[in-house]
Amino acid sequence: MQRALAHGIDSALVVMVIAFAGALIGVEDAASMLLFMLVFVVALGYRIFGDSYLGGHAIGKRIVGIRVQDARYRRPCTHLQSAIRNCILFIPFMPLVELIFLCIDGQERWGDRLARTYVMRDHALKAPVHVPDRPLRLEGLEETLRHKAKPAGQPEEAV
């Protein structure tokens with residue numbers, strides 16, 4: 001779920017930047033068309049290489065609290081790994097196949113397997129706190145702690 005949310009945030013960010021640039025710049029002349037194409041290339045570059053340039057965290061992954069790691073060296077993914085794992089999503093119908101694969105396996109998508117990366121949480125989940133059902137009774141605790149255990153086979157002293 002976290003991965004899908006991060007992917008959605010990153011994709012929405014790219015679409016918003018491209019749409020905002022198109023509305024702001026327009027495409028009346030060659031210079032504005034060139035500027036729009038530059039924004040388009042930068043936005044797609046972010047989508048492809050965002051994980052590697054931002055230390056394993058594209059903006060969506062940073063918000064959700066996950067990151068992409070190299071499987072062998074346990075470091076943030078490289079530029080090549082980021083390109084491999086994200087460019088596979090530009091193949092027609094591949095995002096759907098990746099989603100199905102992720103739902104079945106639950107850990108890796110094909111892009112991760114090809115790039116030899118994995119996605120992990122930034123911080124481990126906190127263990128649930130167990131609250132006792134009733135208050136603890138500590139009346140005999142002090143006496144129990146002072147009592148010394150006798151070795152087996154020795155008779156107890158009479159009090």
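Residues numbered from 1 in each chain as written. Predicted model: local features only at pLDDT ≥ 70, side-chain atom pairs only at ≥ 80, totals over all residues. Heavy atoms only, no water.

*Asks:* How should I be thinking about the environment of Gly56 in this particular structure?
*Replies:* Relative to the assigned elements, Gly56 resides in the loop between α2 (30-53) and α3 (59-64). Since its relative accessible area comes to 0%, Gly56 is described here as buried. C-alpha of Gly56 to C-alpha of Ile66: the two residues are ten residues apart in sequence and 8.5 Å apart in space. Those residues within four positions of Gly56 in sequence are excluded, and the remaining contacts are Asp51, Lys61, Ile66, Arg67, Val68 and Pro76. (Helix = DSSP H or I, 4+ residues; strand = E, 2+ residues; numbered from the N terminus. Buried < 20%, exposed > 50% of the residue type's maximum accessible area, 1.4 Å probe, protein only. Contact = heavy atoms within 4.5 Å.)

*Asks:* Is there a simple way to think about the nonpolar core in this case?
*Replies:* Most often, soluble globular proteins keep nonpolar side chains buried together rather than apart. Within the largest apolar cluster, seven residues are counted, these being Val14, Ile18, Ala21, Phe36, Ala43, Tyr46 and Ala58. Put simply, the parts of the chain that give this core at least two residues each are α1 (2-25) and α2. Excluding residues that lie within four positions of it along the chain, Val14 makes contacts with Ala43, Tyr46 and Arg47. (Core = buried A, V, L, I, M, F, W, Y, C linked by side-chain atoms within 4.5 Å.)

*Asks:* Help me out: how do you make sense of the pattern of salt bridges in this one?
*Replies:* For the coordinates displayed, the defined rule picks out five salt bridges. With a shortest N-O distance of 2.4 Å, Arg3 and Asp112 are connected by a salt bridge. Residue Arg3 is located in helix α1, and its partner Asp112 is located in helix α6 (residues 110-115); the two are separated by 109 residues in the primary sequence. The buried category is assigned to Asp112, whose relative accessible area is 0%. Between Asp51 and Lys61 there is a salt bridge; the shortest N-O distance is 3.2 Å. Of this pair, Asp51 sits in helix α2 while Lys61 sits in helix α3, and the two are ten residues apart along the sequence. What makes Asp51 buried here is its relative accessible area of 2%. Lys61 gets classed as buried once you look at its relative accessible area, which sits at 7%. Because the salt bridges share partners, they merge into one network encompassing Arg3, Asp51, Lys61, Arg85 and Asp112. (Salt bridge = Lys/Arg side-chain N within 4 Å of Asp/Glu carboxyl O.)

Read these as geometric descriptors, not functional statements.
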